[in-house]
Amino acid sequence: SPIHTDGKSHEAGVTCIQSHASMEHCLVTGSYDETIRVYDTRQMRRPIAQASVGGGVWRLKWSPTRKNILAAACMHAGFAVLKYDHDSGSFAETLPFVGEHKSLGYGIDWQFPESGLPAVAEDGEIGDAETISSASFYDHLMQFWSA
């Protein structure tokens, strides 16, 4: 049986859960209710922070190199990169982006530095910038961004 159940924090279906690689008790969820919620796993009664992103949250990924940066695929609202302040337990900034995507934002991920793959710079040249990729549904599009 489950050690904890929460049926009250989300107002619609929960679509993703992502733990944090370097913050032991940090857990983030995304939902069709267009809200990202951050939990402290030692106290799961209610989220410690939340951010509305204007579209159902389909996927969440923490940056592999910057512990306070979270990428989100937000279905009808495209994509967002959020800056989270772990000390205050709040979202400091949300940067939405759509790019050339013309349909639902479903996929988002970071290039891991240890992958051995070179980063793609803003001008398309190979460089040292951190790279994020986004994917959309009906237009079959995948894009890469300098973050």
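Residues numbered from 1 in each chain as written. Predicted model: local features only at pLDDT ≥ 70, side-chain atom pairs only at ≥ 80, totals over all residues. Heavy atoms only, no water.

In space, the four strands of this open sheet follow the order E1-E2-E3-E4, with antiparallel pairing throughout. Looking at which strands have only one partner, the edges of the open sheet turn out to be strand E1 (14-19) and strand E4 (49-52). Mean inter-strand twist for the sheet, computed between neighbouring axes without regard to direction, equals 15°. Pairing between strand E3 (residues 35-40) and E4: four bridges, direction antiparallel. Within E4, the residue paired with Val38 across the bridge is Ala49. (Pairing = 2+ DSSP bridges. Helix = DSSP H or I, 4+ residues; strand = E, 2+ residues; numbered from the N terminus. Axes fitted to C-alpha atoms, helices over the stretch in contact; angles between N-to-C directions.)

With that settled, the discussion passes to the pattern of salt bridges. Two side chains carrying opposite charge are able to pair once their charged atoms lie near each other. According to the stated counting rule, one finds two salt bridges in the structure shown. Linking Asp33 and Arg37 is a salt bridge whose minimum nitrogen-to-oxygen distance equals 2.9 Å. Here Asp33 falls in the buried class, since its relative accessible area comes to 16%. Classification of Arg37 by relative accessible area gives buried; the value is 3%. Asp40 serves as the salt-bridge partner of Arg42, at 2.8 Å between the closest nitrogen and oxygen. (Salt bridge = Lys/Arg side-chain N within 4 Å of Asp/Glu carboxyl O. Buried < 20%, exposed > 50% of the residue type's maximum accessible area, 1.4 Å probe, protein only.)

Let us now look at the nonpolar core. Val28, Ile36, Val38, Leu60, Leu70, Leu82 and Phe91 are the most contacted members of the largest nonpolar core, which totals 18 residues. Listed by contribution, the elements that provide at least two residues to this core are strand E2 (26-31), E3, E4, strand E5 (59-62), strand E6 (69-73) and strand E7 (79-85). The element contributing the most residues to this core is E7, with three residues. Residue contacts for Leu60: discarding those within four places in its chain leaves Cys16, Gln18, Val28, Thr29, Gly30, Ile36, Leu70, Ala71 and Ala72. Judged by nonpolar contacts, the second largest core, of nine residues, contains Ala73, Phe97, Trp110 and Ile132. (Core = buried A, V, L, I, M, F, W, Y, C linked by side-chain atoms within 4.5 Å. Contact = heavy atoms within 4.5 Å.)

In E5, alternate side chains face the same way, and those of Leu60 and Trp62 are buried while those of Arg59 and Lys61 on the opposite face are not. In terms of strand pairing, E5 meets E6 through four bridges, oriented antiparallel. Bridged to Lys61 within E6 is Ala71. The antiparallel pairing of E5 with E6 creates a hairpin that spans six residues between the two strands.

Strands in a sheet are paired, the pairing made by backbone hydrogen bonds, and the direction either parallel or antiparallel. Across the sheet, which stays open at both edges, the three strands sit in the order E9-E12-E13 with antiparallel pairing between neighbours. The sheet is open, and its two edges are formed by strand E9 (105-110) and strand E13 (142-146), each paired on a single side. With strand direction ignored, the average angle separating the axes of adjacent strands in the sheet is 20°. Looking at chain direction, strand E12 (residues 131-136) and E13 are connected through five bridges and run antiparallel. Bridging from a neighbouring strand, Ala135 pairs with Met142 of E13.

Here the chain averages 83 in pLDDT, while 84% of its residues score no lower than 70. Looking across the chain, the model is least confident in strand E11 (residues 126-127), with a mean pLDDT of 47, and most confident in E5, with 95. With pLDDT under 50 throughout, residues 120-127 is counted as low confidence; its partners more than four residues away or in other chains account for 12 contacts. (pLDDT = per-residue confidence, 0-100.)

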